[in-house]
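What follows is the residue order along each chain.
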Amino acid sequence: HGPGLAPHTDFAGEADFGRELAALRVGRRAPNPLYAHLFAAFERDRRCPELALPDLEAQIGSWLPWADPLEQRPIAFGLTPYGTYTRLRQNVIDHLAREPLPIAPHYGALRLRNDEAALARVRSFLADLPELPTRELAPAELRELWILLFSFDSLFVTTE
């Protein structure tokens, strides 16, 4: 499919849009930072009205001729916007219907649900890997590792 599709040209505000979508959101069922690329696709029509894109349902329909979702068992979602949307449509719709969540500037400025247990889980996981260099990690680093290591099975996470 690649050679048949022209790459998009940058649009005004694209850099700001990308930074905002990559930012850490705070709240119940905040978008999982692992899946920022998906939320960029899901939210672009709403956040960039100057592009005059159709709504998400129409976009999903127009992607169909080029959609070869990479998701296969055991990976049920997360690799492509199309594959994720077709499996978790209602979750995405519910997310898009709510007010935008606040943004945290970095992992040190937020807490995970059951933060201490999450950090302990990462410490325990790392302790079982003696080949890794040993050093004390800051809570922000442990939170980011928890997202990377243990949240892949959820499109959303709860942060405070």
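In the block above lies the structure referred to throughout.
As the structure is a prediction and not an experimental result, all values here were calculated from the model.

## Side note on the overall build of the protein
Check the secondary structure of the protein and you find 6 helices and 4 strands. When the helices and strands of the protein are placed in sequence order, the string is α-β-β-α-α-α-β-α-α-β. In terms of overall dimensions, the protein has C-alpha extents of about 50 × 35 × 30 Å along its principal axes. The long-range share in the protein, meaning contacts at least 24 apart out of those at least 6 apart in sequence, stands at 69%. Here the protein displays about 9,900 Å² of accessible surface, and carbon together with sulfur accounts for 58% of that area. Of note, the protein has its 17 positive side-chain charges centred 5 Å away from the centre of its 22 negative side-chain charges.

## Quick notes on the environment of Pro65
Summarising the element assignment, Pro65 is placed in the loop between α3 (56-63) and α4 (81-97). Relative accessible area serves as the criterion here: at 56%, Pro65 is assigned to the exposed category.

## Description of α3
Where α3 is concerned, the buried positions are Leu56, Gln59 and Ile60. Angularly, the buried residues of α3 cover 100° about the axis, an arc narrow enough to put them on a single face.

## Quick look at unusual backbone geometry
Positioned with a positive phi, Arg29 is a non-glycine residue whose angle comes to about 55°. Assignment of secondary structure puts Arg29 in strand β2 (residues 27-31). Here Asn114, not a glycine, exhibits a phi torsion of approximately 55°, which is positive. As for its position among the elements, Asn114 is in the loop between β3 (103-104) and α5 (115-127).

## Concerning the pairing of strand β4 (residues 156-159)
The two faces of β4 match: Phe156 and Thr158 on one face and Val157 and Thr159 on the other face are all buried. Pairing geometry for β2 and β4, over 3 bridges, is antiparallel. Bridging from a neighbouring strand, Ala30 pairs with Val157 of β4.

## Some remarks on the pattern of salt bridges
Think of it this way: side chains of opposite charge can pair up when their charged atoms draw near. Summed over the entire model, instances satisfying the criterion amount to 4 salt bridges. Across the pair Arg135 and Glu141 runs a salt bridge whose closest N-O atoms are separated by 2.9 Å. On the basis of relative accessibility, which here comes to 55%, the residue Arg135 falls in the exposed class.

## Examining the packing of aromatic side chains
Per the stated rule, a full pass over the model turns up 4 aromatic pairs. With a centroid separation of 5.5 Å and 65° between ring planes, the pair formed by Phe39 and Phe156 is classed as edge-to-face. Of this pair, Phe39 sits in helix α2 (residues 36-47) while Phe156 is found in strand β4, placing the two residues 117 residues apart along the sequence. With a centroid separation of 5.5 Å and 90° between ring planes, the pair formed by Phe125 and Phe150 is classed as edge-to-face. Of this pair, Phe125 sits in helix α5 while Phe150 is found in helix α6 (residues 139-150), placing the two residues 25 residues apart along the sequence. Among the residues examined, Phe150 registers a relative accessible area of 14% and is labelled buried.

## Quick notes on the nonpolar core
Membership of the largest hydrophobic core comes to 17 residues, with the highest contact counts inside it found for Phe39, Phe42 and Leu155. Residue assignment for this core shows that the elements contributing at least two residues are α1 (14-22), α2, α3 and α4. A total of 4 residues in this core trace back to one element, the largest contributor, which is α2. With residues near it in sequence (within four places) discarded, Phe42 still touches Leu56, Pro81, Thr84, Tyr85, Val92 and Leu96. In terms of nonpolar packing, the next biggest core, distinct from the first, is built from 15 residues, Val26, Tyr107, Leu112 and Phe150 among them.

Conventions adopted
- Residues numbered from 1 in each chain as written.
- Predicted model: local features only at pLDDT ≥ 70, side-chain atom pairs only at ≥ 80, totals over all residues.
- Heavy atoms only, no water.
- Helix = DSSP H or I, 4+ residues; strand = E, 2+ residues; numbered from the N terminus.
- Contact = heavy atoms within 4.5 Å.
- Areas by Shrake-Rupley, 256 points an atom, 1.4 Å probe, with all protein chains shown as cover.
- Lys, Arg positive; Asp, Glu negative; His and termini not counted.
- Charge placed at Lys NZ, Arg CZ, Asp CG, Glu CD.
- Buried < 20%, exposed > 50% of the residue type's maximum accessible area, 1.4 Å probe, protein only.
- Arc of directions from axis to C-beta.
- Pairing = 2+ DSSP bridges.
- Salt bridge = Lys/Arg side-chain N within 4 Å of Asp/Glu carboxyl O.
- Phe/Tyr/Trp six-rings, centres within 6.5 Å; stacked < 30°, edge-to-face > 60°.
- Core = buried A, V, L, I, M, F, W, Y, C linked by side-chain atoms within 4.5 Å.

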